[in-house]
Structures are given as structure tokens and as C-alpha cells.
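Given next are the chains, with one letter for each unit.
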Amino acid sequence: MLTGEKGYWRMISSDRFDEEDLLGTTLRGVAELARLGFNAKYAADICDQARYTAGSDERRARELMTAFTDPDIKAVWAARGGYGAMRLFSLLDEATLRA
């Protein structure tokens, strides 16, 4: 739970996420959380696109693994949907996630 534990949270995107989305309501939400003391981290390539997803399956799996393994991260927030998320399961490192 974030209450009282200020720190970093990680924004990820499985579904297509464009710069208009990022510059609109998403960054307003990021700014509000920062005002409360919770700072965002997100990949520079979060706006990548591959048809209906936020970049290749490999990019999205790497983003998810980074979110789950970064010791500074207190929460993970999916900025956009989950279209194609089922394709990521085989690309995740199960042993690392269980550790």
C-alpha cells in the first residue's frame, strides 16, 4: 500500500499508448502523485507502437520485468489496457519473479 510510504511507482503500458495520451491526462495524474510525494518512473519508449500494442512483445515484457524487479518501486500502474498481455507470459522470467 502506498499510504505513508512515499517513493517511486512504475508506469507501464501493454496497450498502445501515444504521445497525446502521455501529454494529456496521464501526465496530469503523474504530476498529482508527485505532488503527494510519489515519483514516477517509466521507460523512454513507453509510446512505441506495434499495431495495437505499446511496442513489441519483447519491449513490453522487458518493461514489466523492470517494474517488478526494481527495488525502488513501491507500485506498478498500467497506464493503458492489456490488449496482447497474454502474449507476454512466455517472455517473463518466472524464476526471477518468484525470488
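Refer to the structure presented above.
Residues numbered from 1 in each chain as written. Predicted model: local features only at pLDDT ≥ 70, side-chain atom pairs only at ≥ 80, totals over all residues. Heavy atoms only, no water.

1. Looking at a nonpolar patch on the surface
A cluster of nonpolar side chains, Phe68, Val76 and Leu97, forms an exposed patch at the surface whose accessible area comes to about 250 Å². By the element assignment, phenylalanine 68 lies in helix H2 (residues 57–69). (Patch = residues over 30% accessible without salt bridge, like charges linked within 9 Å, V, L, I, M, F, W, Y side chains within 5 Å. Areas by Shrake-Rupley, 256 points an atom, 1.4 Å probe, with all protein chains shown as cover. Salt bridge = Lys/Arg side-chain N within 4 Å of Asp/Glu carboxyl O. Helix = DSSP H or I, 4+ residues; strand = E, 2+ residues; numbered from the N terminus.)

2. Regarding the pattern of salt bridges
Going through the model one piece at a time under the given rule, you end up with nine salt bridges. Close ionic contact of glutamate 94 with arginine 98 constitutes a salt bridge, the shortest N to O distance being 2.9 Å. Remark: arginine 98 and glutamate 94 occur in helix H3 (residues 94–98); sequence separation between them is four residues, near one turn of the helix. Taking the relative accessible area as the measure of exposure, arginine 98 reaches 68% and is therefore exposed. Each member of the salt-bridge network shares a partner with another, and the members are Asp45, Arg59, Arg62 and Glu63. (Buried < 20%, exposed > 50% of the residue type's maximum accessible area, 1.4 Å probe, protein only.)

3. Regarding the side chain of serine 13
Structurally, serine 13 can be placed in strand S1 (residues 8–13). Non-local contacts of serine 13, meaning those with residues more than four positions away in its chain, are made with Ile46, Ala54, Arg59, Arg60, Glu63 and Arg80. (Contact = heavy atoms within 4.5 Å.)

4. Here's the deal with the sheet that holds strand S2 (residues 39–41)
As a general point, the strands of a sheet are linked pairwise by backbone hydrogen bonds and lie either parallel or antiparallel. Strand order in the open sheet made by the three strands is S2-S1-S3, with parallel pairing throughout. For this open sheet the edge positions go to S2 and strand S3 (73–80), each flanked by a neighbour on one side alone. Taking each pair of neighbouring strands and ignoring which way they run, the sheet shows an average axis angle of 35 degrees. As judged from the six bridges shared by S1 and S3, these two strands associate in the parallel manner. Its bridge partner lying in S3, isoleucine 12 is registered against alanine 78. (Pairing = 2+ DSSP bridges. Axes fitted to C-alpha atoms, helices over the stretch in contact; angles between N-to-C directions.)

5. Observations concerning the side chain of aspartate 57
Note that aspartate 57 resides in helix H2. There is a polar contact of 2.8 Å between the side chain of aspartate 57 and the side chain of arginine 87. Among all residues touching aspartate 57, those that are not within four sequence positions of it are Arg87, Leu88 and Leu91. (Polar contact = N/O pair within 3.5 Å; in protein donor to acceptor, adjacent residues only side chain to side chain.)

6. Examining unusual backbone geometry
In the Ramachandran plot, arginine 51 falls in the positive-phi region, its phi being about 55 degrees despite a non-glycine side chain. Mapped onto the fold, arginine 51 is located in the loop between S2 and H2.

7. Details of the pairing of S1
Among the six residues that make up S1, five are buried, leaving the element largely enclosed by the rest of the structure. Of the strand pairs in this sheet, S1 and S2 are connected by three bridges, and their pairing is parallel. Residue pairing for S2: arginine 10 is matched across the bridge by lysine 41.

Honestly, it's all geometry; don't read function into it.
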